[in-house]
Amino acid sequence: MITQKKKDLQKTELLYIKRWWRPNSKFGKSISTISRDLGRAKSTISTIIKKYKVLKPKSLNTPWVKKYYFDAALAWNCRQKLRKNKGRKCKLKEDNPFFRKIKLEMVDDLSIEVCAKRLEKKGEVIPVCTRTIYNYVYRYGKKLLIEGSYTNKRKRKIKEHKDNFKYKTIDQRPDIAGEFGHWEIDTVVGPLGKLGAVLVLTERITGYNINYYLPKLNSINVFNALMKISKSFDNSLFETITSDNGTEFALLPKFEKILNCSVYFARPYCSVDKAFVERNNRVLRRKIPKGSLMEIYNQKDIEMITKWMNNYERKSKGFKTPAELFSNYCQLSTTCLQKRSYYSCN
């Protein structure tokens, strides 16, 4: 008989025990029979019966026999309390003043770590580590958008594909680790069959974003948007561009001659090949949630979101903003960088 391990008894199972456990009665079932019916170990059933069996009222007892019954409601309530109190106690209380300051900083869709870093720059003393703050959020059920959920995601297997692609693949791309000027491109779309999309360009080293609104997702609109973006930046800033195999990037190889850069395509079903732009898409989704219609946005809205993303501190960059890093690499000041950005080119 296969029994369930390390799983607490459910409410239906407790009611089943209450229904059939009748000691000193020929209409009940034995503990071994109940354990066999529920697929549980015999010791599990006997232990929980010993804990939560209750003596029946005196009117139902006889002078020579004491009758017991299993209280399923008592057992369920006690087990629920044990679940809530399981684990280490949180160092922060629900009415902690420090967490109020964190909540005020999180109004702008910032992560907890970035909020703590901003408070530290203002001179505030951080009493606990960010891991403790995350535990506070999980314990008290605050529905806050947090970055870095500390969960191990299951790795997906890469599907096999045939090497009959006529353009340059990512396997032909040289080693570009630690170099500046290498970009990844992707699109963020709304519900299926709806108009509107956002073209996303991400620089790999700095995390700098260039977003552009597309009224309709097709290869011509993508090519025209890239032409407008190229007029606002020096061609020397574009060394390589890596994209996926979507049909909207069919005209991307023609962009090699215009910018004098190399275009590479990722392997099918392998988003890890352009992980930087995929990570920035998650940040973009804080402002444009999944399922929202793209038709309600325009270029000005996308520019505001892009400005927020480029001025968002990143833990992987030492809590520096992508705009600061990009300006350092370009050897330009922040004001000069804003003048050269595509925001003024429309």
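Residues numbered from 1 in each chain as written. Predicted model: local features only at pLDDT ≥ 70, side-chain atom pairs only at ≥ 80, totals over all residues. Heavy atoms only, no water.

S.K.: Is there a simple way to think about the overall build of the protein in this case?
M.R.: Within the protein one finds 13 helices and seven strands. In the protein, once contacts between residues fewer than 6 apart in sequence are set aside, the share between residues at least 24 apart is 59%. (Helix = DSSP H or I, 4+ residues; strand = E, 2+ residues; numbered from the N terminus. Contact = heavy atoms within 4.5 Å.)

S.K.: What is the right way to read the environment of phenylalanine 265 from this model?
M.R.: With respect to the helices, strands and loops of the structure, phenylalanine 265 is situated in strand β7 (residues 262–265). Put simply, phenylalanine 265 and aspartate 171 are 94 residues apart on the chain and 9.0 Å apart in space, counted from C-alpha to C-alpha.

S.K.: Is there a simple way to explain the packing of helix α1 (residues 11–20) against helix α2 (residues 31–38) in this structure?
M.R.: Between two packed helices, both the angle of their axes relative to each other and the distance between the axes serve to describe the pair. For the pair α1 and α2, interaxial distance at closest approach is 11 Å and the crossing angle is 150°. Accordingly, the angle class assigned to the pair α1 and α2 is roughly antiparallel. For α1 against α2, the interelement crossing comes out right-handed. In contact with Glu13, Tyr16, Ile17 and Trp20 of α1, α2 contributes Ile34, Asp37 and Leu38. Split by residue class, the contact of α1 with α2 holds five nonpolar, no polar and two charged. (Axes fitted to C-alpha atoms, helices over the stretch in contact; angles between N-to-C directions. Parallel < 35°, antiparallel > 145°, perpendicular 65-115°, else oblique. Left-handed = near helix turned anticlockwise from the far one by under 90°. Nonpolar A, V, L, I, M, F, W, Y, C, P; charged D, E, K, R; others polar.)

S.K.: Just checking my understanding: could you explain the pattern of salt bridges for this structure?
M.R.: Where charged atoms of side chains with opposite charge meet at close range, the side chains can pair. All chains considered together, the criterion is met by 11 salt bridges. By sharing partners, the salt bridges in this structure join Asp186, Asp244, Lys274 and Glu278 into a single network. (Salt bridge = Lys/Arg side-chain N within 4 Å of Asp/Glu carboxyl O.)

S.K.: Could you clarify how one ought to interpret the sheet that holds strand β6 (residues 240–243) in this entry?
M.R.: What links the strands of a sheet is backbone hydrogen bonding, and the strands pair in either a parallel or an antiparallel sense. Taken in spatial order, the five strands make up an open sheet running β5-β4-β3-β6-β7, and their pairing is mixed. Only two strands of the sheet have a single neighbouring strand rather than two, namely β5 (209–214) and β7. In this sheet, neighbouring strand axes are inclined to one another by 20° on average, regardless of whether the strands run parallel or antiparallel. Both strand β3 (residues 182–189) and strand β4 (residues 197–203) contribute to a ladder of seven bridges, which runs antiparallel. From the neighbouring strand, tryptophan 183 faces β4, where its bridge partner is glutamate 203. Together, β3, β4 and β5 form the strand contacts of helix α8 (residues 219–230), whose direction differs from that of β5 by roughly 135°. Contacts from helix α10 (residues 275–287) reach β3, β4 and β5, with the element oriented near 40° to β3. (Pairing = 2+ DSSP bridges.)

S.K.: I tried to follow the packing of aromatic side chains on my own but got confused; where do I start?
M.R.: Aromatic ring pairs are reported here in terms of the distance separating the ring centres and the angle at which the planes meet. Taken as a whole and assessed by the stated rule, the structure comprises eight aromatic pairs. With 4.2 Å between their ring centres and 15° between their planes, tyrosine 208 and phenylalanine 326 make a pair best called stacked. Within this pair, whereas tyrosine 208 is found in the loop between β4 and β5, its partner phenylalanine 326 is found in helix α12 (residues 322–330), the two being separated by 118 residues in sequence. Pair check on accessibility: tyrosine 208 and phenylalanine 326 agree, each one buried. Aromatic rings pair up to connect Phe180, Trp183, Tyr208, Phe233, Phe238, Phe326 and Tyr329 into one cluster. The residue whose ring lies beneath arginine 19 is tryptophan 20, and the NZ or CZ to ring-centre distance is 4.1 Å. (Phe/Tyr/Trp six-rings, centres within 6.5 Å; stacked < 30°, edge-to-face > 60°. Buried < 20%, exposed > 50% of the residue type's maximum accessible area, 1.4 Å probe, protein only. Lys NZ or Arg CZ within 6 Å of the ring centre and 35° of its normal.)

S.K.: I tried to follow helix α3 (residues 42–52) on my own but got confused; where do I start?
M.R.: Residues that lie three or four places apart on an α-helix share one face, since the helix turns once every 3.6 residues. Burial in α3 covers these residues: Ile45, Ile48, Ile49 and Tyr52. On an axial view of α3, the arc spanned by its buried residues comes to 105°, and they lie on one face. Facing away from the buried side of α3 by more than 90 degrees, the exposed set consists of Lys42, Lys50 and Lys51. In this structure, the buried residues of α3 make contact with α1, α2, β1 (53–55), β2 (68–70) and α4 (72–84). (Arc of directions from axis to C-beta.)

S.K.: Sorry, what's going on with the pairing of β5 here?
M.R.: Remember that side chains alternate between the two faces of the sheet whenever the strand is regular. Counting buried positions over the six residues of β5 gives six, a clear majority of the element. Of the two faces of β5, the one holding Asn209, Asn211 and Tyr213 and the one holding Ile210, Tyr212 and Leu214 are both buried throughout. Inspection of the sheet shows β4 paired to β5 by six bridges, in the antiparallel sense. Bridge pairing links threonine 202 to asparagine 209 in β5. Between the antiparallel neighbours β4 and β5 lie five residues, among them glycine 207 with a positive phi of about 80°.

S.K.: Mind showing me how you'd approach the confidence of the model for the protein here?
M.R.: Regions with low pLDDT carry predicted coordinates that are not meant to be interpreted in detail. Mean pLDDT over the protein stands at 79; residues scoring 70 or higher make up 80%. Low confidence marks residues 142–153, where pLDDT is under 50. Its contacts with residues over four positions away, or in another chain, come to 25 contacts. For the stretch residues 332–346, pLDDT sits under 50, and the model shows 31 contacts to residues farther than four places along the chain or on other chains. (pLDDT = per-residue confidence, 0-100.)

S.K.: Hey, could you run me through the pairing of β6 in this one?
M.R.: Taking every second residue as pointing to the same face, both faces of β6 are buried, with Thr240 and Thr242 on one and Ile241 and Ser243 on the other. By the bridge criterion, three bridges tie β3 to β6 in an arrangement that is parallel. For tryptophan 183, the partnering residue across the bridge sits in β6 and is isoleucine 241. As paired strands, β6 and β7 are joined by four bridges and run parallel to one another. Residue threonine 240 lies in a different strand from β7, and its bridge partner there is serine 262.

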